[in-house]
Amino acid sequence: MLKQHLQLKLGQKLAPQQIQLMKLIQLHTLEFEEELERELEENPALEIVKEDPKEDEFSSLEDAYQDEGTASIETDFDVNEYIYDDEPNYKTASSNYSPDDEEFDNESLLTEGQSLYDYLLEQIHLVNISEEDEKIAEYVIGNLDTDGYLRREIKAIVDDLAFSQGIYTTKEKVDDILENYIQKLDPPGVGARGLQECLLLQIEKKVSSDKAVSLAANILRHQFDALTNKHYNKIIQKYDIEEEDLKDALDEISKLSPKVGGNFDTQTITINQEIIPDFVIQVKDGVVIPMLNSKNAPTLRVSEEYKDILTTYSHDKNSSEHKQAALFIKQKLDAAKWYIDAINQRQNTLLQTITAIVKFQKDYFITGDEKSLRPMILKDVADITGFDISTISRVVKSKYADTSNGILYLKDLFSDSLTNDDGEEVSTKEIKTHLQEVIGKENKRKPLTDDALVVILKEQGYNIARRTIAKYREQLNIPVARLRKEL
């Protein structure tokens, strides 16, 4: 039996505008620029100001809204009755330029070049092979990763050739093309199926009469496991050689590249995109000045032409077509005003956050010494700014700052704290720095074990467990003692 009943429910729901603002805050400089371009394309009521507005044009953004906003347009019928309740109604101008901003030319960073795939195709087309073998070679080249390795199984490639290309071949045939054609191409080492094969392909290109090169080739071919595990005594006994001979061979191996495709265009572009700074932090006379890198965010305004069109259409209350046109234009104008306000809020949130971070880590920005970093978590910045922790997290995500000490990833400034023997709270960053220094000064012939590192750091006032040392070492990409051993 159906029954009716009343139920009270309390919930919290984010408006679409709030969700969009959170997304804008999270974007780094390049993503923000792309989002801005997309919005300009989709909303004709939003436009870029070609020249900087005069300083006395608006006394404030609120004045701009009152003087220029579409809400002040007189109409013979109420356009707002056609608008949804959640349509925005905000300010109409946004200037995102900072007088001290340095100009960053994004286009100059994204240089065009030849990819590894294109480079190899050019070479294979010059090789004297049959048409079918050339198609197989092209397909294999297309399966190489950006480092130049063939990570896929040959059998899987044979199956793909049959299903997608209509070429029926064998594993032996593909192996033959790979080893006798593709692996002979430049750069040496391309087409390898693993690190050992990659290094061997490179060493074999060198003069085999050289004693050190020959020994290096033998070690790579027959003693690769001993080499990777740095069992040098085992290698010396195996080949009955002197330590100096092994040093010469290791020197030859160190000249080889483990990633022969790493210098080509695709990877270069990715790196350049990642390091465009979102903030600029300058130090002048002991004062740390944080700024936004906002050169790629142009000054925006609501289109005057669209406001005039709205005025024209809204005066004709008898035409249903003009009412619909007025509705469309009003929606675009309100959306443009909200978007400009959202950008203002984004820039304000970013600036307040970076100002709080700089205030908290002032000593670090002045000295550039990681030992000056104070323990800092997201809550510390949230307490200073008054923003929610999730907002701070979005601000620092994937963002970089251009400082006097180079490009800095903001998340690197955050760290937990530990208490030293003096009862002072120190940053885990400081402990990691000390750990790096100790390992950097160790005797490479007898590297320090984690237990030895525990003793040394304890003598320096840092009482840390062995498992914590191991965790920090792994975070710093420092291998275990056995793999740090050198001759």
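Residues numbered from 1 in each chain as written. Predicted model: local features only at pLDDT ≥ 70, side-chain atom pairs only at ≥ 80, totals over all residues. Heavy atoms only, no water.

Q: Report on the side chain of Asn143, specifying residues and quantitative values.
A: Note on placement: Asn143 falls in the loop between helix H6 (131–142) and helix H7 (154–165). Exposure remark for Asn143: the relative accessible area of 18% places this residue in the buried category. Engagement of the side chain of Asn143 in a polar contact is seen with the backbone oxygen of Tyr139, the distance being 2.8 Å. In this structure the side chain of Asn143 is engaged in a polar contact, spanning 2.9 Å, whose partner is the side chain of Arg152. Beyond its immediate stretch of four places on either side in the chain, Asn143 contacts Tyr149, Leu150, Arg152 and Ile157. (Helix = DSSP H or I, 4+ residues; strand = E, 2+ residues; numbered from the N terminus. Buried < 20%, exposed > 50% of the residue type's maximum accessible area, 1.4 Å probe, protein only. Polar contact = N/O pair within 3.5 Å; in protein donor to acceptor, adjacent residues only side chain to side chain. Contact = heavy atoms within 4.5 Å.)

Q: A description of the pattern of salt bridges should follow, citing residues and the corresponding values.
A: All chains considered together, the criterion is met by 27 salt bridges. Of the charged contacts in the structure, one is a salt bridge between Asp245 and Lys211, with a shortest N-O distance of 3.7 Å. A residue pair is termed long-range when its members are at least 10 positions apart, and Asp245 in helix H13 (residues 243–254) and Lys211 in helix H10 (residues 211–222) qualify at 34 residues. Each of Lys171, Asp175, Glu179, Arg193 and Glu197 takes part in one network of salt bridges that share partners. (Salt bridge = Lys/Arg side-chain N within 4 Å of Asp/Glu carboxyl O.)

Q: Just give me the short version of the sheet that holds strand E3 (residues 279–284), but keep the residues and values in it.
A: Spatial ordering of the open sheet is given by E4-E3-E6-E7, a layout of four strands whose pairing is mixed. Taken across any chain shown, the strands that pair with only one partner, and hence form the sheet edges, are strand E4 (287–292) and strand E7 (406–409). Shown here is a sheet whose adjacent strand axes are inclined to one another by a mean of 25°, direction ignored. (Pairing = 2+ DSSP bridges. Axes fitted to C-alpha atoms, helices over the stretch in contact; angles between N-to-C directions.)

Q: For the packing of H6 against helix H8 (residues 171–180), give the residues involved together with the corresponding values.
A: With their axes 10 Å apart at the nearest point, H6 and H8 run at an angle of 75° to one another. When the axes of H6 and H8 are compared, the pair comes out roughly perpendicular. Side by side, H6 and H8 meet where Asp133, Ile136, Ala137 and Val140 of the first sit next to Lys173, Val174, Ile177 and Leu178 of the second. Of the residues belonging to the contact of H6 with H8, the class tally is six nonpolar, no polar and two charged. (Parallel < 35°, antiparallel > 145°, perpendicular 65-115°, else oblique. Nonpolar A, V, L, I, M, F, W, Y, C, P; charged D, E, K, R; others polar.)

Q: Give a detailed account of the nonpolar core, specifying residues and quantitative values.
A: Ranked by internal contacts, the top residues of the largest apolar core, which has 45 residues, are Phe279, Phe365 and Leu413. Sort the elements by how many residues they give to this core and helix H16 (residues 320–360) lands first, with 15 residues. Ranked by size, the runner-up nonpolar core spans 26 residues in total, among them Ile154, Ala192, Leu201 and Val260. (Core = buried A, V, L, I, M, F, W, Y, C linked by side-chain atoms within 4.5 Å.)

Q: An account of helix H5 (residues 116–124) is needed here, citing residue identities and associated values.
A: For H5, the full list of buried residues reads Leu116, Leu120, Leu121, Gln123 and Ile124. Viewed along the axis of H5, the buried residues span an arc of 160°, placing them on a single side of the element. Check the buried side of H5 and you find it contacts H6. (Arc of directions from axis to C-beta.)

Q: How would you summarise the pairing of E4 if you had to cite specific residues and measurements?
A: The pairing of E3 with E4 spans six bridges and is classified as antiparallel. Paired with Ile281 across the bridge in E4 is Pro290. In sequence, E3 turns back onto E4 through a hairpin of two residues, with Asp285 there showing a positive phi of about 55°.

By themselves, these figures tell us nothing about what the structure is for.
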